[in-house]
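Residues per chain, in single letters:
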Amino acid sequence: NINEQIESIDAREKLLEKKMTTLTHEALQLNKAKNKRGAILALKKKKMFEGEFNKISGMKLMLEQQKVQIEASINDADIFTALKKGNEAINTVNKDCLLY
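Residue numbering note: each chain is counted from 1, following its sequence as written. In view of the model being predicted, local features appear only for residues whose pLDDT reaches at least 70, and side-chain atom pairs are presented and counted only at 80 or more, with totals across whole chains, interfaces and linings using the full set of residues. Side-chain figures throughout are based on the complete set of non-hydrogen atoms in the structure, without hydrogens or water.

Section: the pattern of salt bridges
Right, so step 1: For salt bridges, the criterion is a side-chain nitrogen of Lys or Arg within 4 Å of an Asp or Glu carboxyl oxygen. Summed over all chains, the structure comprises 3 salt bridges.
Right, so step 2: The closest approach of N and O atoms between Glu-13 and Lys-60, which form a salt bridge, is 3.3 Å. Of this pair, Glu-13 sits in helix α1 (residues 2-32) while Lys-60 sits in helix α2 (residues 36-99), placing them 47 residues apart in sequence. No difference in accessibility class separates Glu-13 from Lys-60, as the two residues are buried.
Right, so step 3: As a salt-bridge pair, Lys-46 and Glu-50 come within 3.5 Å of each other at their nearest N and O atoms. Of this pair, Lys-46 and Glu-50 both sit in helix α2, 4 residues apart, which is roughly one turn of that helix.
Right, so step 4: By relative accessible area, which is 21% here, Lys-46 ends up partly exposed.
Right, so step 5: Within this structure, Asp-10, Glu-13 and Lys-60 form a network of salt bridges that share partners. Helix and strand definitions follow DSSP, with helices as H or I runs of at least four residues and strands as E runs of at least two, each counted in order from the N terminus. The classification of residues rests on relative accessible area computed with a 1.4 Å probe and restricted to protein chains. Under 20% of the type maximum is buried, over 50% is exposed, and intermediate values are partly exposed.

Describing the nonpolar core
Right, so step 1: By size, the foremost hydrophobic cluster in this structure holds 14 residues, and its most contacted members are Leu-16, Phe-49 and Leu-63.
Right, so step 2: Elements supplying a minimum of two residues to this core: α1 and α2.
Right, so step 3: By residue number, the principal contributor to this core is α1, which donates 8 residues.
Right, so step 4: Excluding its chain neighbours within four sequence positions, the residues that come into contact with Phe-49 are Leu-16, Lys-19, Met-20 and Leu-23. Definition of nonpolar core: a set of buried residues of the types Ala, Val, Leu, Ile, Met, Phe, Trp, Tyr and Cys, connected through side-chain atoms within 4.5 Å. Contacts are residue-level and defined by heavy atoms, with any inter-residue pair within 4.5 Å sufficient.

Notes on unusual backbone geometry
Right, so step 1: Here the phi dihedral of Lys-34 falls at roughly 65°; this positive angle occurs in a residue that is not glycine.
Right, so step 2: By relative accessible area, Lys-34 is classed as exposed at 70%.

A short note on the side chain of Glu-13
Right, so step 1: Under the relative-accessibility criterion, Glu-13 is labelled buried at 11%.
Right, so step 2: If we ignore the near neighbours within four places in the chain, the residues touching Glu-13 are Phe-53, Ile-56, Ser-57 and Lys-60.

Topic: the environment of Lys-34
Right, so step 1: Within the fold, Lys-34 resides in the loop between α1 and α2.
Right, so step 2: In this structure, the C-alpha to C-alpha distance between Lys-34 and Thr-22, residues 12 residues apart in sequence, is 18 Å.

Have a look at this one:
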């Protein structure tokens, strides 16, 4: 289900945001402690998570677009069915009028 996938991606985004925030704070603390190497490593991990975040955000956008397209297609099909029934009703009335 598309909605379930979107919810799953939302949860993953929140987790990644939390990890990125934690790594930013960690890098700052390591930098204050004069551990430049550790700070750089934390920032590299954060950058990796940012890449993953951007990737799944794009996937989420594609799913939402697909959901809108599906809903529009369903709506179009409903309209087409209603128009077809209306056309059939008009044809029936026209045939009845020709008989008399």
